[in-house]
Structures are given as structure tokens and as C-alpha cells.
Amino acid sequence: MAGTATTAPAVVTLDIGGMTCGACSARIEKKLNRLDGVTAEVNFALERAHVSYDDRHTLQELLDTVEKLGYSAALPPSPQEAQAEGGAGETAEEAADRELATMRERLLVCLALTVPVVAMAMITPLQFDNWQWLSFALAAPVAIWGAWPFHAVAWKNFRQAAGTMDTLVSIGVLASFGWSVYALFFGYAGVTGMQMPFLMTPTPGQGLHHIYLEVATSLTLFVLAGRYAEHRAKRRAGSAVRALLELGAKEVTALRAGQEVGIPIGELRVGDQFVVRPGEKIATDGVVVDGASAVDASMLTGESVPVEVSAGDAVVGATVNLSGRLTVRAERVGADTQLAHISKLVSEAQAGKAPVQRLADRIAGVFVPVVIAVAVGVGGFWVGNGGDAVIALTAAVAVLVVACPCSLGLATPTALLVGTGRGAQLGIVIRGPQILESTRRIDTVLLDKTGTVTTGKMRLVETVCAEGTSREELLTLAGALEHSSEHPIATAVTTAAREVTADLPPTTDFKASAGFGVVGTIADREIMVGRPGWVGERMTVPEDLRRRLTEIEGSGHTPVGVGWDGELRGLLLVADEAKPTSRRAIDEMRSLGLNPILLTGDSKGAARRIADEMGITEVEAEVLPQDKAAVVRRLQAAGRNVAMVGDGINDAAALAQADLGIAIGGGTDAAIEASDITLVRGDLRDAADAVRLSRRTLATIKGNLFWAFIYNLAGIPLAASGVLNPMIAGAAMALSSIFVLTNSLRLRGFKSAAAS
């Protein structure tokens, strides 16, 4: 392919099998990144690789590269393939469950054999004649069969001239077991009546009189227990995303030639109509064609209040129809649905790496050979300085065991896995691990007004009637005329009129004047509805209404004049109202150290009214859509770290320009693609939750890494000095990984402000 131009890189996610620690992932990542035109990130916790490659390579080459290192690699099945294969063969979930069951069986057998071995070694009264031979009989299956997964991987790594955690464990187990076998068969440990006091630290002079079968068995047991706990914790950590992927319906009742036919979801096409009965899941994203019902979207969005839908309303796949029968036209299917899109974003975020993890991966990649060299050096030091061989062996094995970099490899991915998974449960989709760093730095949040802070829908807030005109008459005539218009203000007036009377009188001779208002005839009377100035040019304006118009100026309300019979009869004041949760959301943002700024294209009066309601002091009003990104740049130039919250196409550029872009629920695809965080619901409180969750996840990652580094920094010198029993070192190593996993799982308890 030399000499040919490369095309845009392809991106693929691979399932990687056989990784046992961070050193494994670092090794695969390093090998893939050595290929020209390939960029790879390998996630140990997810057992996945996210790879970008150009046309100088094929997918098969990538798979072969991983497999040559001794690991398995394959493309993960799509949700549709997984559903199709569910009944035909073993699914990935079933395979993972089977692997976990196998690990549990191995752990339980080793536990049953190890307990008497350790008991006899630690409790002298249990050391009856020839107890050491019973101990050997019990320990041999543990050291060979129980530790076989470590030995097999260590041998595979040895053939590849590489090392991982399994290499350290295997050497430690075999060294302890081998020494014991030698002492039993060729030393003095096999004699009848031999007794061996248990000591926390090795003692000179023990030599071939003592055995260390309890070290070999307990080390195997502790590492197996730690590995089992890791697998269980990783399964729990990823449960949120697995649940998200499983939300979708598996079958759908489609309408074919007027008949209801049950088909697999994979056969549904865009434009097809399907039926959703009460209690059933809506199969895919679509528009209601017929029927009315309440829809429960809580599984997908976290919103507990059902949404009322009827003909013309959009519905989202995986939500549940609660009451009426619906006929829906499919608008998006398969990978294009909102559920699939959210799942993809979450999976990509979890497969990535936070900048802080890269240092840990680099350390894990060189850790194993360095530790082996240190262990050999420690053993040589003790022997060279006249130390007992047992002390040298004990110190060397303790170094090998205590230095296993499991917790380093798990520190970041497990916290990221749990944090993003919990976010998905709450309707917060974090696009990538680098976003966590952004949330820590931001100090300013720009809030788009319409649709973000406010409902985005105009509503009648006040009616002002001239003398001799009733509110019912004013609203009835105005609503009847505006009923023929699709303008947002007309919709607000019509909605208010229908609350007064269900039957609006018919209108004839309807005419609209763009930007000014409408005119028509109702019951032989010409009615005008529109801007007060436009109506006032054609009709007289009573003095009381003139004074009221003066008072309204700058209030932020939009006045609509209504007149007939040559006179202005009243004013309808409409406004875009703030969402009931917006004020609390903004207070939450302030508590996080964020300075809110209202950004809108509306007039200064309308912007100021909403800002005052929200307690916002800074306002950027009358900003054209194309100038919103410029406002972000200006604030950044002033030294601020800016987050932008918006929902429309005109917000996309600003979302992309901001240090942190947050697209709010119901937003356009353009806004969502440009953002760093997507909020599935329309609740602004979720923006504050997203920042809190991201910051807490980042803090958990840093806490995990601190513990992992401190553990190794403290453990290795203790082991090298000969004061750390290898059995204790094995327990400490397992506990270090369990601590990191448990600390990460605490993120599952994160509570949304909306729920409190």
C-alpha cells in the first residue's frame, strides 16, 4: 500500500480476553501503538480495546497482533446480533457467568485444602508426627492445580519474553512450594517428629529444617480470592450499562397489510407502524400515529413522572406504555435510536482513559521486570552478606508478591466504570474520561435561556381589559383568531382561550401580517390581534391601556393587543416562563463554585426578568446565534474556564467551543454531538449533578491511585528488608485490590439532587 494516500481512520472496539492485570493491558496497548497509523487504548477493567487505524492495516492484522501476544481478540456482537444469538448459543453474559462459577469452584476447593495447611503451620499443638507429609498432600493440589491459571499465563509470558502479575504470583508460589519439596525430600523437614513454630518474620538457622507450604497455599488462595472479588466487582460496576442495553424490546407487534404481526425487533424498518399495548415497551423511537397514553420513561431518563402522549407526539424506544393503546410509526431503528446512541456514548467513555491513568499504565508496563530484578537482587544481597538462605528466599518471594500491580491497573477504570454507569442510570451521559478533568477546572457556566432555563413555550401570564370588556370575551375572540396561526405566541393565546371556553367561534377572511399580527372576521366583526403599536395605528387606544403599555416596557413580558370595532379592547401579556426546577439548579451550581451567566437572543428586558427570578447577576442578552461561540471565547480570553449548557442547533458552536459542553434533554442531535455531557432529561438540576458526579469520580480515581502507589512504595521496602512474611504480603496485596474496587463501588450510591 506504499505510495497510496491514506483515508480517514476507522475506529473499532475489540473484546480482549486473557488479561489479568494492568501490565497486560499496557503490553497490548504498547504493541498496537507501535503499528504505523494505529492509536489504541486498552481498558483492563472492561477487557476492551478502542482502536483507530488507517488503510495501511486491516482489522484482521489488529486481531492477529493481539493474539500473537497470547490474548484473544474479537469484535463484540451488536445488540441485534446478541438478541439473535440469545437462544442459539452461549451469550457473552452467560460465558462471563460460567467463568465466574469456575473461579468460585477453584477458590472453594483451595480454601478447603489451605485452611488445614495454614492451621498446622501456625498452631504447634496440631503438628503431630508426620504432619508435614499431610500438609504436603493437601498443598500440592493448591500449588499446582489451584495456581494453574497463574502458571499457564506466566509460561505464556515467558515464551513472549514478557511478564505480568501472574508471573510474580507463579514464581512466588513455585519458589515456596519448590523449597518445601526440597526440604521434605532432601533436607531435614521430612523427619518424624519435626515441629515448626510459626513466625511473622523469618529467623536465621531455619534452613532445610522448615517448610513453607502455607506460603504457597495461602498466596494462591489470597490471589484467587482477590481475582474472584475483582471479577464480581467489575460485573457489578458494569451492571448499569448492561441494564441500559437490555432495556430495549426484543419483539414488536407490527402492522402489515392492516394485520397485527409479531416480529423480532431486528426486522422493524423506518416507516413501519407498530402497536404498543398497555404495559408493553415501545419498541423503537417513533411518532404516535393514533391513540393516547401515559408513558413511563424512568428506566431511560430517571424521570419518575409519566409523560402524556397523543397523536403527533414523539416517543422513545425502551420506555413503557402505561395505559392506552398506541399506534406508532418507527422513525429510528437499531443503532440510530436514542437508547443505542446513549449506550454507545457510555461504552466509549468507559473504554477511554483519564490522563491520570496513563502514568499508572506506564508504571505497570515496566513494573514486573523491575520487580523480578529487585527480587533477585534482594535474594542475592541477603546471601552475599552472609544471610540465611531461608531469609533470602522469604524476602525475595515477599517482594514478588507484595509488588503485584493489580490495584494500579484497577484504580482508574473501575471508578470510571461505576461513575459513568451511575450517570447513565440518572440520565447523565459523560462522553469520555478526559471530561472529568474539565469539570474540576470550570468556574463559569453559560446558560442558554430558552428551553434550558425556561420551558421554551410562551404562556399567558396576565390579561388587561379595557373598560366595558370582559376577560372571557377578550380571550374568546383573540383565541378564535389566533387558532389559525402557528406562531408560538398564537399558541399561548389559543391555549389560554380554551381554558375559558371549549368552543371557539369560526373565523373568516383571516389574514396574517408577518411580524405584526393577524386580522379576521368573527360574527361580522373585524378582529385584530398583534403588536399593540400595529393595532394602535388602525384603532384608538384608551388612556388606561396606553399607561399600562408604558409600565410594561422593560418588564420582559410580551404584550399582545386585541381590538375590534375601531378600538383597542385589551392586552394579553405572554412570557416564556422559567422551569420550576431552574432556580434550585442554579443554586446548586453556585454551591459547586460556578458563576452562572444567562445567555439569550431575547431582549434585555426579557432576559433581565428571568435572571432576576433565578438570582443571576450577569446577563448576555440580544446575542445572535452565530455570536454565542464568540461570547464563550471572550470569557475564555478573560481567564475563565467556561461550561456551556444548551439544547438547540444554534448552541452547537458554543458547546464545542466551551471547555465543557453540556447538552440538555430533548436537544438536537447537533447539540448532543458537540457536547461533552448529555442530559437525557430536560431538568437543569442534572447539569449540577453531572458536575458533582464527574468531580466525585475524579476524586475516587485519585484516591485509588494514591492508595495503590502508597501500598507498593511501603510494601516493597518492608519485603526487601526480610520483615514481611510472604503469606501476609499475599493477603495485603489482595486487600489492596479489594479496597480499590470497594472504594469505586461507593459511587453507586451517588444521589441526584432531583431525588432529594
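What you see is a predicted model; the values in this text were computed from it and never measured.

What about the packing of helix H17 (residues 471-482) against helix H18 (residues 488-500)?
- Packing of H17 against H18 brings their axes to within 8 Å, and their N-to-C directions diverge by 130 degrees. Between H17 and H18, the interaxial angle falls into the category oblique. The crossing of H17 and H18 is left-handed. Residues Arg-471, Glu-472, Leu-475, Thr-476, Ala-478, Gly-479 and Glu-482 of H17 touch H18, and the partners they reach there are Ala-490, Val-493, Thr-494, Ala-496, Ala-497 and Val-500.
- Considered class by class, the residues forming the contact of H17 with H18 number 7 nonpolar, 3 polar and 3 charged.

Notes on the side chain of Asp-272
- For Asp-272, the location among the structural elements is in the loop between strand S6 (259-264) and strand S7 (273-276).
- By relative accessible area, Asp-272 is classed as buried at 18%.
- A polar side-chain atom of Asp-272 sits 3.0 Å from the main-chain amide nitrogen of Arg-269.
- Each residue touching Asp-272, except ones within four places of it in the same chain, is listed here: Arg-256, Glu-267, Val-328, Arg-329 and Ala-330.

Describing helix H23 (residues 628-637)
- The set of residues buried in H23 consists of Lys-628, Ala-629, Val-631, Val-632 and Leu-635. Along the axis of H23, the buried residues cluster in a sector spanning 155 degrees; they form a single face.
- In the stretch just after H23, Gly-639 is the one whose phi turns positive, near 95 degrees.

What to know about the pattern of salt bridges
- For the coordinates displayed, the defined rule picks out 21 salt bridges.
- As a salt-bridge pair, Glu-588 and Arg-692 come within 4.0 Å of each other at their nearest N and O atoms. Taken together, the positions of Glu-588 in helix H21 (residues 582-591) and Arg-692 in helix H26 (residues 685-720) put the pair 104 residues apart, joining distant regions of the chain. You'll find Glu-588 and Arg-692 in the same group, each marked buried.
- Taken together, the shared-partner salt bridges in this structure form one network comprising Glu-260, Arg-277, Glu-280 and Arg-325.

Points about the sheet that holds strand S2 (residues 38-43)
- Here we have 4 strands laid out as an open sheet, ordered S2-S3-S1-S4, and antiparallel in their pairing. Each of the sheet's edge strands pairs with one partner strand only, and the pair in question is S2 and strand S4 (72-74). Neighbouring strand axes in the sheet, compared pairwise and without regard to direction, differ in orientation by 25 degrees on average.
- Of the pairings in the sheet, the one linking strand S1 (residues 10-17) to S4 comprises 3 bridges and is antiparallel in character. Across the sheet, Asp-15 pairs through a bridge with Ala-74, a residue of S4.
- Lying on the sheet, helix H2 (residues 59-68) is in contact with S1, S2, strand S3 (48-53) and S4; it crosses S4 at an angle near 160 degrees.

Section: the confidence of the model for the protein chain
- For the protein chain, the mean per-residue pLDDT works out to 79, and 80% of the residues sit at or above 70.
- Confidence scores differ between elements of the protein chain, with helix H3 (residues 79-85) showing the lowest mean pLDDT of 47 and helix H5 (residues 131-146) the highest of 93.
- Residue range residues 1-6 is modelled with pLDDT below 50. Its contacts to residues more than four positions away, or to other chains, number 5 contacts.

A closer look at the environment of Ile-435
- Its location among the elements puts Ile-435 in helix H15 (residues 434-441).
- Once you skip the residues sitting within four places of it in the chain, Ile-435 turns out to touch Ile-430, Leu-660, Asp-676 and Ile-677.

Describing a nonpolar patch on the surface
- On the surface, Leu-108, Leu-111 and Val-115 cluster together into a nonpolar patch covering about 260 Å² of accessible area.
- For Leu-111, the position within the fold is in helix H4 (residues 92-122).

As for the environment of Val-109
- Position of Val-109 among the secondary structure elements: in helix H4.
- Sequence spacing of Val-109 and Gly-146 is 37 residues, and the spatial spacing of their C-alpha atoms is 8.1 Å.

Conventions and cut-offs
- What you see as residue numbers is a count from 1 along each chain, following the sequence as written.
- Since the coordinates come from a predicted model, pLDDT governs what is reported: local features require at least 70, and pairs of side-chain atoms require 80 or more to be given and counted, while whole-chain, interface and lining totals use all residues.
- Excluded from the side-chain calculations are hydrogens and water; all other atoms, namely the structure's heavy atoms, are used.
- Helix axes are fitted to C-alpha atoms over the stretch in contact, other axes to C-alpha atoms as well, and angles between N-to-C directions run from 0 to 180 degrees.
- Secondary structure is summarised from DSSP: a helix means a run of H or I of at least four residues, a strand means a run of E of at least two, and numbering begins at the N terminus for each.
- Geometric relationships in this document are graded by angle, where less than 35 degrees denotes roughly parallel, more than 145 denotes roughly antiparallel, 65 to 115 denotes roughly perpendicular, and other angles denote oblique.
- Crossing handedness is defined as follows: a turn of the near helix away from the far one that is anticlockwise and smaller than a right angle gives a left-handed crossing, while the clockwise case is right-handed.
- In what follows, a contact means two residues having at least one pair of non-hydrogen atoms within 4.5 Å.
- Charged residues are taken to be Asp, Glu, Lys and Arg, nonpolar residues to be Ala, Val, Leu, Ile, Met, Phe, Trp, Tyr, Cys and Pro, and polar residues to be all remaining types, Gly included.
- When accessible area is computed with a 1.4 Å probe and restricted to protein chains, residues below 20% of their type maximum are described as buried, those above 50% as exposed, and intermediate ones as partly exposed.
- Any pair of nitrogen or oxygen atoms within 3.5 Å is treated as a polar contact; in protein, a donor-acceptor pairing is required on top of that, and neighbouring residues in sequence qualify only through side-chain atoms on both sides.
- This arc is built from the directions going out from the helix axis to the C-beta atoms.
- A pairing counts as a salt bridge when a side-chain nitrogen of Lys or Arg comes within 4 Å of a carboxyl oxygen of Asp or Glu.
- The pairing criterion is simple: DSSP has to find at least two bridges between the two strands.
- Confidence per residue, as judged by the predictor, is encoded in pLDDT with a range of 0 to 100.
- The residues that make up patches have over 30% relative accessible area and no salt bridge, and they are joined within 9 Å when like-charged or within 5 Å when they are Val, Leu, Ile, Met, Phe, Trp or Tyr.
- Residue burial considers only the protein chains on display, and all accessible areas are found by Shrake-Rupley using a 1.4 Å probe.

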